[in-house]
Amino acid sequence: MADRIDLTLKVNGADHRVSVPPFARLLDVLREDLRLTGTKEGCGEGECGACTVLLNGRVVNSCLVPAVQVQGAEVVTIEGLADGENLSSLQAAFLTHNGAQCGFCTPGMLLSATDLINRCPNPSDDQIRDGLSGNLCRCTGYAKILDSVHAAAADGGAAR
Amino acid sequence: MRGYLPDFDVRVPASLGEALALLAQAPGTLTPLAGGTDLMVVYNAGRLKPTRFLDLSRIDELRGIREAAGAMTFGALSTFTDLRECAAVHRHFPNLVKSARATGALAIQNRGTLGGNIANASPAADTPPSLLAYGAEVELLSVRGSRRVAYDRFHLGYKVMDLAPDELVAAIHVPLPTGRGFHYFRKVGTRQAQAISKVCLAAWARVEGGVVADLRIGLGSVAPAPIRARHAEAVLLGQALATLPIEAAQAALLEDISPIGDIRATARYRSVVTRNVLGHMLRELATL
Amino acid sequence: MIGASSIRKEGRAKVLGTAIYTDDKFMPGALHGLTVRSEVPRGILRAIHFGEGIPWDEFTLVTAADIPGTNLVASVVDDQPFLIGIGEEITHSQQAVLLLAHADRHLAEKARRAVRLEIEELPAVLDIQSSLDLQTVIYGDNNLLKEIHIAKGDPDPVWAQAAHVVEGEYRTGAQEQMYIEPNAMLSVVEPRDGALQVTVWGSLQCPYYVHGALRQLFGLSEKQVRVVAMEMGGAFGGKEDYPSVNGGHAALLAWKSGRPVRLIYDREEDLACTTKRHPSRTRLRTAFDAEGTLLALEADFILDGGAYATLSPVVLSRGAVHAASVYRCPHVRIHARAVATNTPPPGAFRGFGAPQSLFAMERHMDICARKLGLDAVELRRKNFLRMGDTMATGQVIREDLDLASIMDRALAAIGYRDKRAAFAITNQEDGPIKRGVGFSVFMHGCGFTGNGESHVASVAGVEGLADGTVAVLAASTEMGQGKNTVFAQIVAETLQVPVEQVETAEVDTDRVPNSGPTVASRSTMMVGRILEDAASGFKQALVQQGFLAEPYTPESFRAAVAKAVATLGSLRCYGQYHRPPNISWNDVTYQGDAYPTYSWACYAAEVAVDLDTFEVKVADFAAVQEVGRVVNPTLAAGQIEGGVAQGIGWGLWEEVTMQRGRMVNNQMTNYIIPTAMDLPRMQVIFLENAHVGGPGGAKGIGELPMDGPAPAVVNALENALGALRLDEVPMTPDRLLDRCEEVSHG
Ligand SMILES: Cc1cc2nc3c(=O)[nH]c(=O)nc-3n(C[C@H](O)[C@H](O)[C@H](O)COP(=O)(O)OP(=O)(O)OC[C@H]3O[C@@H](n4cnc5c(N)ncnc54)[C@H](O)[C@@H]3O)c2cc1C
Ligand code: FES
Ligand code: FES
């Protein structure tokens, strides 16, 4: 029987302390313990990317990360992208260019896109496709998502 | 999530020494955990037997990519992203970069490790063909000491490795290629990204005076484990680029492979496509 | 407002991550429900054994014996039980037998595995051919879930006299909707005023379907059941009829436990047990005169309907009506059957039977052109339906239809003539890459088939709110298609106020009337039209009761609404569907106006095939359609692009692999939908031609884009590779290799 661990981690800039089984998934820690339900579960097998978050600045599938490995880590979720009421330029672009249809892939998609624009401020279509290829979207055929990322890049990057 | 949480405990050693000591105490009862991109999938699906994990992720000795004495050493915890981001890897081992780029997508590449890719021993893994082509060696470590195994003798059968229960994969050493080199990598997956290989072929050749002086071909997904195409290599060694015996090599290749049919591809598909990809590779080699 | 690309209403919540999907709704004290399923395709359930090591007394358990009302899911035909009882027949591998719930979801999962079912196996029927063979009868006395005949003229005398007769057989596979949000339901059942009150929140397309199913399951009155549609992470038809099943399951557990229950499927379960597109087999026979004029058409169209009728009768009828496609033909005979097999029942998926029969016909037309030595473009041009022509059901085309110009536009967009000429030369070269272009021309009937709309008699309304804004009252659900926005645009247009002054009310059966299911591309055209009426009535009421004087500004309108609500307490206005004049349909003879109107399209694809690996890349794609007036161009383009992506996926990669009646590639890693790397940029072109029936002239667009891509892509493959047996989708690399080897081995 596994003992719970005391997990401290920083999520969207705020410190949290929770007691969880060592093999709780980061996804469940976020959704159930911290009630940050913006991060979605679409498969639990690392395939769909709906659970994408930034872990110490890198995109990861939170369904594949056990709690024990995020002790002391910094996590950014969809809830951390806007500055209060102000959407990030990517969020704004997804809104105006219909980059989100059903919206279920959107949180993960936005985190991957944020990471992409941070690394590569003016991406080509191919670079966007590569950067987002771990985020499956069934609604858009990706066209409006490409448009949204281009628009955000033209608008000065991920952050505003 | 179908794993039953209370069934899974974990030890988090702070150092390599502690990790090896723990493994030695009760060999076979601890499952090393690196990036978790293989283990967590099986765990989530409820198909992992109850176990205690040994979390390697905090062991800095297993990290880093270093160049020394004519070889490059990759710590077992090197991620695919580490490979993609290292200029020296691009310079010396373009196939490894391609393998890394072809593995899952970015989120997987940020977490998945080279050590995990090898030790998971999937026949469909994408760095093993490149490691085979470059003549890699695996460094294994236990309290009993360290030993090196040529990577082409590491996999012994389906999920069977020359790896004792108290050993860890510590590093992968790859000799720097010399001379006029030819590098080829091709993955045929179920789609263009986030795909499992149906066929994967990596090759490295050294060409001297228009002749194939050295050649290694690594294959994935066409045998119970990653393999060298030794029969095909033998047909090609010493041959002039101008007159490469492509068909003979393709015929010999059939002795190297033993593909199976599964939900991703038929055995027939794997065998035809491996042969075709070898042909493609050799036509490129011929134009070097 | 109509015609503007208004911003998605719920878009802000979606990009912020604050939109609440079913699994996001917090419910203190909720139990986690799970379903125990049979694993054999057919047999008699003899016993349920509860294994050791599980504190069973802590669990809520529900079996068929517990069901308070009727153990049949309300549907087109009520033949599917919610749960199979002891001694009853299991008819497919995913049949629910036992429901269990516990506060600890991990323990619940462990318990599920500890249950063992004792089943006496019976011989199973697992595919279309064995169902037709009748060696084993599993449904009625002939294994038929539904049979339809459509006849026009008499083809029989034509075959012998025609210059050419071409026959072909075509197959399409099952397809998974693969909405990214798996099926999810929450339920609370509590006593209220001495009676039961059942509430279900879920990811569902059709609240009133679930409402009806729950009433029947529990034997309750209308008021005792409440269904709320949460934000939905995609559906595509996959949450049309299935939610009546899992919604019922969640409610049963909530009722038995007295606690809130969450029933959230994981991906493996969702893939294995929920509905898919029906697999099909179509045999076509066509007769032409020497010039290529179509003289007669015979179609034998068969769907694999799985273990229960579910929606198969209506899927079949749409497929049958579309079987003759866009061609004028004096003599037509269509024989359509949905056959029963021991597989989990398929259901609705974007296109609803039409993609299957249209794939067959559009492949067949290319094959006919080759056999007749004619150009595929000209063969079609010669035979297109035009104004005044009669379709197979006797429906007369009353609009000024010009399919040739739709086709020419698509061919120009893809560069059809130049590319065909260029590829004819480059494909002769040695390299492994062969290129081709191909296209398909097709239509999609808008709204329900036949009398569907009259049966449903949809109602929708608008309501004034205290702050002077207006709410849309309709049970149509938002699944990403943009219904919230489009409805607001339609109502705003009628009221002549900015779209910001109109919101859609939460889809809660306690608040919104039954505007019918959110299916069949009917929401904009049908419900939109009703909303136009409701909004006009609303405005008139404001004027007549002296709250509003014309002309008015948005501000004065707002003030008028606020005052009316303050004075009257509430102000609502409803509209109801009226069958348009001159439209009639006979359900028995299948004659009449099958649909009030059709959307028309031509899709063209360019492909590159690698003959080393048999991988196919779609290099370019043009989608040209005439869909009446486009209410919101950005949202509409998004619908087309998403549909085309699914159509390409169905054509090339998406395969449901069945073994012993069970899907065995039920993981996202093994069921291959396209990633961003697998699709081209698409050209989406709308040719507007206002249709009188819909709001501001709009027709339906949701399903249309699913129909055209697969035949266009496969026709392009034939152009690249020559005459192979390209008669099936998905044309996976394995299958393409087989077809190439058939030719090389003779
Ligand atoms: C969505 C998805 C896509 C993927 N795509 C690909 C792909 O395209 N190509 C591909 O090759 N792989 C792919 N993988 C598989 C996986 O990412 C790789 O195999 C990865 O390299 C595993 O490394 P890890 O560190 O995550 O391993 P873990 O899951 O931590 O471990 C894997 C196995 O190796 C053992 N192990 C790990 N490190 C050591 C060590 N140092 N010593 C001894 N044993 C050790 C573990 O005990 C376990 O048995 C994919 C996985 C997912 C989820
Ligand atoms: S839920 Fe994590 S990748 Fe799908
Ligand atoms: S918007 Fe629905 S899955 Fe991407």
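Calculation rules
Residues numbered from 1 in each chain as written. Chains lettered and ligands numbered in written order. Predicted model: local features only at pLDDT ≥ 70, side-chain atom pairs only at ≥ 80, totals over all residues. Heavy atoms only, no water. Helix = DSSP H or I, 4+ residues; strand = E, 2+ residues; numbered from the N terminus. Rg over C-alpha atoms; globule rule 2.2 N^0.38 Å. Buried < 20%, exposed > 50% of the residue type's maximum accessible area, 1.4 Å probe, protein only. Contact = heavy atoms within 4.5 Å. Areas by Shrake-Rupley, 256 points an atom, 1.4 Å probe, with all protein chains shown as cover. Lys, Arg positive; Asp, Glu negative; His and termini not counted. Charge placed at Lys NZ, Arg CZ, Asp CG, Glu CD. Domains from an automatic or database assignment. Buried area = accessible area lost by both parts, 1.4 Å probe. Salt bridge = Lys/Arg side-chain N within 4 Å of Asp/Glu carboxyl O. Nonpolar A, V, L, I, M, F, W, Y, C, P; charged D, E, K, R; others polar. Patch = residues over 30% accessible without salt bridge, like charges linked within 9 Å, V, L, I, M, F, W, Y side chains within 5 Å. Pairing = 2+ DSSP bridges. Polar contact = N/O pair within 3.5 Å; in protein donor to acceptor, adjacent residues only side chain to side chain. Core = buried A, V, L, I, M, F, W, Y, C linked by side-chain atoms within 4.5 Å. Near = heavy atom within 4 Å. Phe/Tyr/Trp six-rings, centres within 6.5 Å; stacked < 30°, edge-to-face > 60°. Lys NZ or Arg CZ within 6 Å of the ring centre and 35° of its normal. Axes fitted to C-alpha atoms, helices over the stretch in contact; angles between N-to-C directions. Left-handed = near helix turned anticlockwise from the far one by under 90°.

Before going further, it helps to examine the overall build of chain B. Looking only at helices and strands, one finds 11 helices and 14 strands in chain B. On C-alpha atoms alone, chain B measures out to a radius of gyration of 19 Å, which is about the 19 Å that the 2.2 N^0.38 rule sets for 288 residues. Projected onto the principal axes, the alpha-carbon positions of chain B cover approximately 60 × 45 × 30 Å. A total of 288 residues make up chain B; the buried ones form 60% of that total. Long-range contacts, defined here as pairs at least 24 residues apart, represent 61% of the contacts in chain B between residues at least 6 apart. Counting only carbon and sulfur atoms, one obtains 52% of the accessible surface of chain B, whose full area is about 10700 Å². Computed over 32 positive and 25 negative side-chain charges, the inter-centroid distance for chain B is 6 Å.

Our next topic: the domain arrangement of chain B. All names here are of chain B. Examined at the domain level, chain B breaks down into domain 1 (5-55), domain 2 (62-175) and domain 3 (180-285). A separation of 20 Å is found between the C-alpha centroids of domain 1 and domain 2. Taken together, the 13 residues of domain 1 in the interface contact 15 residues of domain 2. In total, domain 1 and domain 2 occlude about 1100 Å² of area from one another, counting both sides; carbon and sulfur atoms represent 75% of this. The interface formed by domain 1 and domain 2 holds zero salt bridges in total. Examining the composition of the side of domain 1 that touches domain 2, we find that six residues originate from one element, helix α1 (residues 16-25), more than from any other. Class assignment for the residues of the side of domain 1 that touches domain 2 results in nine nonpolar, three polar and one charged.

With that settled, the discussion passes to a nonpolar patch on the surface. Residue and element names in this part refer to chain C. Residues V76, V77 and V314 make up a contiguous nonpolar surface patch of roughly 190 Å² in combined accessible area. With respect to the helices, strands and loops of the structure, V314 is situated in helix α8 (residues 312-322). Taking relative accessible area as the criterion, V314 reaches 33% and is therefore assigned partly exposed.

With that settled, the discussion passes to the pairing of strand β24 (residues 615-626) of chain C. Residue and element names in this part refer to chain C. Among the 12 residues that make up β24, 10 are buried, leaving the element largely enclosed by the rest of the structure. One ladder, built from 11 bridges, connects strand β23 (residues 598-610) with β24; its direction is antiparallel. Across the sheet, the residue bridging to A608 is K617, located in β24. Two successive antiparallel strands, β23 and β24, enclose a turn made up of four residues, where F614 displays a positive phi of approximately 65 degrees. Here β24 runs beside strand β27 (residues 682-686); their pairing, made up of five bridges, is parallel. When the bridges of β27 are listed, A623 appears paired with V684.

Next up on the list: the interface of chain C and chain A. Counting from both sides, the interface comprises 53 residues of chain C and, opposite them, 48 residues of chain A. Together chain C and chain A conceal approximately 4100 Å² of surface at their shared face, both sides included; 55% is due to carbon and sulfur atoms. Here C:R105 and A:E32 are joined by a salt bridge, their closest N and O atoms 2.7 Å apart. One can count 29 residue pairs in polar contact (both at pLDDT 80 or more) joining chain C with chain A. Sorting the residues of the side of chain C that touches chain A by element identifies α1 (11-16) and α17 (633-652) of chain C as the ones contributing at least two each. With nine residues, the top contributor of residues to the side of chain C that touches chain A is α17(C). For the side of chain C that touches chain A, a count of residues per class yields 25 nonpolar, 15 polar and 13 charged.

Now for the interface of chain B and chain C. Many descriptions give the size of an interface as the accessible area lost when the pieces come together. Chain B puts 31 residues into the contact, and the matching count from chain C is 33 residues. Summed over both partners, the interface of chain B with chain C comes to about 2700 Å²; 47% of that surface belongs to carbon and sulfur atoms. The largest contributions to the chain B side of the interface with chain C come from B:R2, B:R191 and B:I263, which together make up 27% of the buried area. Applying the counting rule to chain B against chain C returns six salt bridges. A salt bridge links B:R2 to C:D266, with the nearest nitrogen and oxygen atoms 2.6 Å apart. Across the contact surface, chain B and chain C share 11 residue pairs in polar contact (both at pLDDT 80 or more). Of all the secondary-structure elements, those providing two or more residues to the side of chain B that touches chain C are β11 (180-189) and α11 (267-286) of chain B.

Within the largest apolar cluster, 205 residues are counted, with the highest numbers of intra-cluster contacts made by B:I217, C:F439 and C:W600. Core analysis: the second largest hydrophobic core is formed by 41 residues, C:A96, C:A229, C:L252 and C:A254 among them.

Taken together, 34 residues sit near ligand 1, with B:P32, B:T37, B:D38, B:T113 and B:D126 positioned nearest. Close to ligand 1, residues of chains A and B are found. Measuring from an oxygen atom of ligand 1, one finds a backbone N or O atom of B:G36 at 2.8 Å. B:G104 is positioned with one of its backbone polar atoms (N or O) 2.9 Å from an oxygen atom of ligand 1. Here ligand 1, which alone exposes 970 Å², has 92% of that area covered by the protein. The set of elements that each furnish at least two residues to the shell around ligand 1 consists of β2 (30-33), α2 (39-44), α7 (114-119) and β10 (168-175) of chain B. Of the residues that constitute the shell around ligand 1, the class distribution is 16 nonpolar, 13 polar and five charged.

Another aspect to go through is the pattern of salt bridges. Residues and elements named next belong to chain C. Tallied over the entire structure, the rule returns 89 salt bridges over all chains. The salt bridge partner of E10 is K14, with a shortest N-O separation of 2.7 Å. The exposure class of K14 is buried, given its relative accessible area of 1%. If you follow the salt bridges from partner to partner, you end up with E655, R725, D727, E728, R735, R739 and E742 in one network.

The next point concerns the packing of aromatic side chains. Tallied over the full model, the rule gives 21 aromatic pairs over all chains. For the ring pair B:F8 and B:Y43, a centre distance of 4.9 Å and an interplane angle of 85 degrees mean the geometry is edge-to-face. Separated by 35 residues along the polypeptide, B:F8 in strand β1 (residues 8-11) and B:Y43 in helix α2 bring together distant segments of the chain. As far as burial versus exposure is concerned, B:F8 and B:Y43 are alike and both buried. Judged by centre distance (4.9 Å) and plane angle (65 degrees), the rings of B:F93 and B:Y134 are edge-to-face. Separated by 41 residues along the polypeptide, B:F93 in the loop between α4 (87-92) and α5 (94-101) and B:Y134 in the loop between α8 (127-133) and β6 (137-142) bring together distant segments of the chain. With a relative accessible area of 0%, B:F93 lands in the buried category. According to the relative accessible area criterion, B:Y134 is buried, its value standing at 1%. Every member of this aromatic cluster is reached through a ring pair, and the members are A:F23, B:F8, B:Y43 and B:F53. Sitting above the plane of the C:F26 ring, A:R35 keeps its charged end 3.4 Å from the centroid.

The subject of this paragraph is the packing of helix α10 (residues 246-256) of chain B against α11(B). Residue and element names in this part refer to chain B. Remark: α10 packs on α11, axes separated minimally by 10 Å, with the N-to-C direction vectors making an angle of 145 degrees. Viewed along their axes, α10 and α11 form a crossing whose handedness is right-handed. Two secondary-structure elements touch here, α10 through I246, A249, Q250, L253 and L254 and α11 through S271, T274, R275, N276, L278, G279, L282 and R283. A per-class count over the contact of α10 with α11 returns six nonpolar, five polar and two charged.

Moving on, we come to the environment of B:R191. As for its placement among the helices and strands, B:R191 is situated in the loop between β11 and β12 (197-208). Take B:R191: its relative accessible area is 6%, and that puts it in the buried class. Not counting residues within four places of it along the chain, the set of residues in contact with B:R191 comprises A:E47, A:L136, C:M668, C:I672, C:I673, C:T675 and C:D678. Within the structure, the side chain of B:R191 is placed 3.0 Å from the backbone oxygen of B:Q194, a separation counted as a polar contact.

With that settled, the discussion passes to the side chain of C:D612. One can find C:D612 in the loop between β23 and β24. This buried residue, C:D612, is left without a salt bridge; B:R283 holds the nearest opposite charge, at 4.1 Å. With residues near it in sequence (within four places) discarded, C:D612 still touches B:R186, B:V273, B:N276, B:H280, B:R283 and C:P432.

On to unusual backbone geometry, then. A cis amide bond, omega -10 degrees, links C:E550 with the succeeding residue C:P551. With respect to the secondary-structure elements, C:P551 resides in the loop between α15 (523-544) and α16 (554-568). The omega angle of the peptide bond from C:V729 to C:P730 is 0 degrees, so this bond is cis rather than trans. Checked against the element boundaries, C:P730 lands in the loop between β28 (728-729) and α20 (733-744). Phi at B:S221 is positive, roughly 70 degrees, even though this residue is not glycine. Inspection of the secondary structure puts B:S221 in the loop between β13 (211-220) and β14 (227-228). A residue is classified by how much of its surface remains accessible, and B:S221, at 9% relative accessible area, is buried. The backbone phi angle of C:D193 is positive, close to 50 degrees, even though this residue is not glycine.

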